[in-house]
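Observations on the three-dimensional arrangement
So you can see what is in the structure, the chains are spelled out below.
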Amino acid sequence: MPAIREKRFHTLCQEEVYRQVKSYLDELVDEHFDDAEHCDFYLKYGSTVLEISIAPYEEDDAVIEVLAFCVQGVQPSFAMMREILRLNSEVPLGAFSMVGSDVFFSHAFLGRRLRPEQFIASLDSVASISDEYDDKLVAQYGGETALEATRSRTRRPGVAAKAEQN
């Protein structure tokens, strides 16, 4: 029998905020994945995948980050970086970033006094903006949306296994 993974909270506040976010997600969305080890949640929205993480901030607060996996496997270019900076000046909440060959859109805020409307606004903004711009960025600069990347990863093992059998 596999070992049961326990959540590892660093502060009491992080645990309280985590439980509050979990209760909001249980009410708001049909389906989400709860990462048992890292205090993260994952859910699909349109063609993007969202990660909601809760990290401790000092002893008496926690940071909630809503992050969208916007574009994966894109070749960085000056034109794309300029476009991401331009978009950052226009979006009302959150910001685009790039790590390696992946583009993200995220918004972070303190969670100790979290209100449902604050969480919903962040979730909606990150999901909507990422879903709106991922296809545009892929069309202009290449790569794949998070949903396409997930689908291609799940198809590859089956293709590789069939290729090995031949």
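Residues numbered from 1 in each chain as written. Predicted model: local features only at pLDDT ≥ 70, side-chain atom pairs only at ≥ 80, totals over all residues. Heavy atoms only, no water.

1. A word on helix α1 (residues 12–28)
Heads up, the rule is: Runs of E in the DSSP output that reach at least two residues are strands. Runs of H or I that reach at least four are helices, and both are numbered from the N terminus. One less than the residue count of a helix, multiplied by 1.5 Å, gives the span that helix is expected to have. The buried label goes to any residue with under 20% of its type's maximum accessible area, the exposed label to any with over 50%, and the partly exposed label to all in between, with areas taken from a 1.4 Å probe on protein chains only. Here, the arc refers to the directions that run from the helix axis to the C-beta atoms.
In this model, α1 (17 residues) spans 24 Å end to end at C-alpha, consistent with the 24 Å of a helix rising 1.5 Å per residue. Those residues of α1 lying buried are C13, Q14, V17, Y18, V21, Y24 and L25. Projected onto a plane normal to the axis of α1, the buried residues spread over an arc of 130° and lie on a single side. Turned more than 90 degrees from where α1 packs its buried face, L12 and E27 sit exposed.

2. Topic: the environment of L43
Short version of the rule: In this description, contact between two residues means that some pair of their heavy atoms is separated by no more than 4.5 Å.
You can see L43 is positioned in strand β2 (residues 40–45). Given a relative accessible area of 7%, L43 falls into the buried group. Taking the C-alpha atoms as reference, L43 lies 6.9 Å from E31; in sequence the two are twelve residues apart. When neighbours within four sequence positions are excluded, L43 is seen to be in contact with L25, V29, E31, H32, T48, V49, L50 and I52.

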